[in-house]
Amino acid sequence: MTHSLLRLASLGAALAVATPALAATNQEANSDTLRICASTKDAPYSSQDGTGFENKIARVLAEETGRKLELVMIPKEAIYLVRDGIDKNLCDVLVGVDDGDNRLLTSTPYYRTGYAFISKASRGFNGDKWQDVDQDGFNTFAYRLYSPAETILKYTGRYEYNLIYQASLTNFEERRNKYTQVDADRVVSEVAAGNADLGIIFAPEAARYVRDSREPLKMTLISNELERSDGVIIPLQYDQSVGIAKTHPELVAPINAALKSGKTKIDAILAEEGIPVLPLN
């Protein structure tokens, strides 16, 4: 499962929910308004008060396209934005999807980042490869569910030992037929408090909390990919793009132009958030 699917999927078989997409339409989007869906429950990307860093990027896109921003806030986790926003024609654009997400048209990528290790600065954790979790003294790991972190721990022999601790982060809630998740700030706070030796998390999810932690923390991007035993490659770095409804291809060009003209503003938002970035492919 790619990173954007962790945030923006409709859960598919996990919840056994089938929602038909709206039929394609040739009607063009309103040229005066930019309709962008966002979640009220997806901090630090998006939040009800509009302080999420993707909320800020949405405002840049509207400004650079010369349109009025219509930020459609959906009171559900971000995994439902395609199903309950794009597919129901409540909006035309999503900020922050993996480049090439096949459910949407995607813009030119505007930044690249990846999964990271979070550790106390005082612990002296060294390593930037996923195999480096296998170090003496690092035995307890906090992570978000449905992420490559689970595979990393399985392939380094740390998964089973960590299960009870990880389950405690969701109060031992059953994952079956229910979307259960560990909040990003919880992953970081567990490391800061010393309850977890290491956090494994997508860097944009954690950057704000690492930046604001009273306990000095270190965030290290994982530099390699993970190859499963069946040969499937699980990427740990991703180009991030703007997602556009397939029914509105006319929005691709103005969005790309806005990303170019607004690059300095967007880069400043990412830098202020503390998100580590990699060179774009």
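My aim in this report is to walk through the structure given alongside it, one point at a time. Computed from a predicted structure; not experimentally measured.

A short note on the overall build of the chain
Alright, step 1. Scanning the chain from N- to C-terminus turns up 9 helices and 13 strands.
Alright, step 2. On C-alpha atoms alone, the chain measures out to a radius of gyration of 19 Å, which is about the 19 Å that the 2.2 N^0.38 rule sets for 281 residues.
Alright, step 3. On the principal axes, the C-alpha backbone points of the chain span a range of 60 × 40 × 35 Å.
Alright, step 4. Within the chain, contacts between residues at least 6 apart in sequence are counted, and of these 75% link residues at least 24 apart.
Alright, step 5. Here the chain displays about 13000 Å² of accessible surface, and carbon together with sulfur accounts for 49% of that area.
Alright, step 6. On the chain, the mean spot of the 31 positive side-chain charges and the mean spot of the 38 negative ones are 2 Å from each other.

Considerations on unusual backbone geometry
Alright, step 1. With an omega of 5°, the peptide bond between A43 and P44 qualifies as cis.
Alright, step 2. Mapped onto the fold, P44 is located in the loop between β2 (41-42) and β3 (46-47).
Alright, step 3. A positive phi angle, close to 55°, is found at N171, a residue other than glycine.
Alright, step 4. Among the structural elements, N171 can be located in the loop between α5 (159-168) and α6 (184-192).

Notes on helix α8 (residues 252-261)
Alright, step 1. Among the residues making up α8, those that are buried are I255, A258 and L259. The buried residues of α8 occupy an angular sector of 100° when the element is viewed end-on, so they sit on one face. Opposite the packed face of α8, turned more than 90 degrees from it, sit the exposed residues A253 and K260.
Alright, step 2. Here the buried face of α8 lies against β1 (33-39), α2 (53-65), β13 (237-244) and α9 (263-273).

Here's the deal with the packing of α6 against helix α7 (residues 203-212)
Alright, step 1. Following both chains from N to C, one finds α6 and α7 inclined at 50°, their axes separated by 8 Å at the closest point. Our classification of the angle between α6 and α7 gives oblique. In the crossing of α6 with α7, the sense of the turn from one axis to the other is right-handed. Touching A184, D185 and V188 of α6 are E205, A206, Y209 and V210, all from α7.
Alright, step 2. In terms of residue class, the contact of α6 with α7 is made up of 5 nonpolar, no polar and 2 charged.

So, the packing of aromatic side chains
Alright, step 1. Under the criterion given, the structure shown has 8 aromatic pairs.
Alright, step 2. Between the aromatic rings of F202 and Y238, the centroid separation amounts to 5.9 Å while the plane-to-plane angle is 75°, which identifies the pairing as edge-to-face. Here the residue F202 occupies a position in strand β9 (residues 198-202), and Y238 occupies one in strand β13, the gap between them amounting to 36 residues.
Alright, step 3. The exposure class of F202 is buried, given its relative accessible area of 0%.

Focus on the pattern of salt bridges
Alright, step 1. Taken as a whole, this structure holds 18 salt bridges when the rule is applied.
Alright, step 2. R103 is paired through a salt bridge with D101; the nearest N and O atoms lie 2.6 Å apart.
Alright, step 3. Across the pair E272 and R211 runs a salt bridge, and its minimum N-O distance is 3.3 Å. Of this pair, E272 sits in helix α9 while R211 sits in helix α7, and the two are 61 residues apart along the sequence.
Alright, step 4. Take R211: its relative accessible area is 37%, and that puts it in the partly exposed class.
Alright, step 5. Within the structure, one salt-bridge network assembled from shared partners comprises K76, R83, D84 and K88.

Quick notes on the packing of α2 against α8
Alright, step 1. With their axes 9 Å apart at the nearest point, α2 and α8 run at an angle of 105° to one another. The pairing of α2 with α8 is recorded here as roughly perpendicular in orientation. Counted together, L61, E64 and T65 of α2 and P254, A258, L259 and S261 of α8 form the full contact between these two elements.
Alright, step 2. Here the residues of the contact of α2 with α8 sort into 4 nonpolar, 2 polar and 1 charged.

Brief notes about the environment of Q166
Alright, step 1. For Q166, the location among the structural elements is in helix α5.
Alright, step 2. A relative accessible area of 3% means that Q166 is categorised as buried.
Alright, step 3. Here the alpha-carbon distance between Q166 and Y143, two residues 23 residues apart in the chain, equals 7.7 Å.
Alright, step 4. Sequence-distant contacts of Q166, that is, excluding residues within four places in its chain, are made with F141, A142, Y143, L145 and V182.

Digging into the state of the cysteines
Alright, step 1. A complete count under the given rule lists 1 disulfide for this structure.
Alright, step 2. The disulfide partner of C37 is C91, and the gap between their sulfur atoms is 2.2 Å. One quick way to see it: the torsion about the S-S bond of C37 and C91 is about -110°, and its sign makes the bridge left-handed. You can see C37 sitting in strand β1 and its partner C91 sitting in the loop between α3 (81-86) and β5 (93-98), a full 54 residues away along the chain. A single burial state applies to C37 and to C91, both of which are buried.

Here is what the cut-offs are and how they apply
- Residue indices follow the written sequence of each chain, beginning from 1 at its first position.
- The predicted nature of this model means local features are confined to residues of pLDDT at least 70 and side-chain atom pairs, given and counted, to a pLDDT of 80 or more, with totals for whole chains, interfaces and linings taken over all residues.
- Side-chain calculation: all heavy atoms of the structure are included, whereas hydrogens and water are not.
- Numbering of helices and strands starts at the N terminus; helices are DSSP runs of H or I of at least 4 residues and strands are runs of E of at least 2.
- Every radius of gyration here is taken over C-alpha atoms, with the globule rule written as 2.2 Å times N^0.38, N being the number of residues.
- Should any heavy atoms of two residues lie within 4.5 Å, those residues are considered in contact.
- Accessible surface area values rest on a Shrake-Rupley calculation with a 1.4 Å probe, where residue burial reflects the displayed protein chains alone.
- We treat Lys and Arg as the positive residues and Asp and Glu as the negative residues; His and chain ends play no part in the count.
- A charged residue contributes its charge at one atom only: NZ of Lys, CZ of Arg, CG of Asp or CD of Glu.
- A simple rule labels every residue: compare its accessible area, found with a 1.4 Å probe on the protein chains alone, to the largest value its type can have, and call it buried under 20%, exposed over 50%, or partly exposed in between.
- Taking the helix axis as origin, the arc is that swept by the directions to the C-beta atoms.
- The axes are straight lines fitted to the C-alpha atoms, using for helices just the contacting stretch, and the angles between their N-to-C directions are given from 0 to 180°.
- Note on terminology: angles under 35 degrees are roughly parallel, angles over 145 are roughly antiparallel, angles of 65 to 115 are roughly perpendicular, and the others are oblique.
- If you view the pair so one helix is near and one far, a crossing is left-handed when the near helix is turned anticlockwise from the far one by less than a right angle, and right-handed when it is turned clockwise.
- Each residue receives one of three labels: charged for Asp, Glu, Lys and Arg, nonpolar for Ala, Val, Leu, Ile, Met, Phe, Trp, Tyr, Cys and Pro, and polar for the others, Gly being one of them.
- Pairing of aromatic rings covers Phe, Tyr and Trp, the last through its six-membered ring, and needs centres within 6.5 Å; plane angles under 30 degrees mean stacked, over 60 mean edge-to-face, and all others mean tilted.
- Salt bridge criterion: a side-chain nitrogen from Lys or Arg within 4 Å of a carboxyl oxygen from Asp or Glu.
- Note that a disulfide, as used here, is simply two cysteine sulfur atoms within 2.5 Å.

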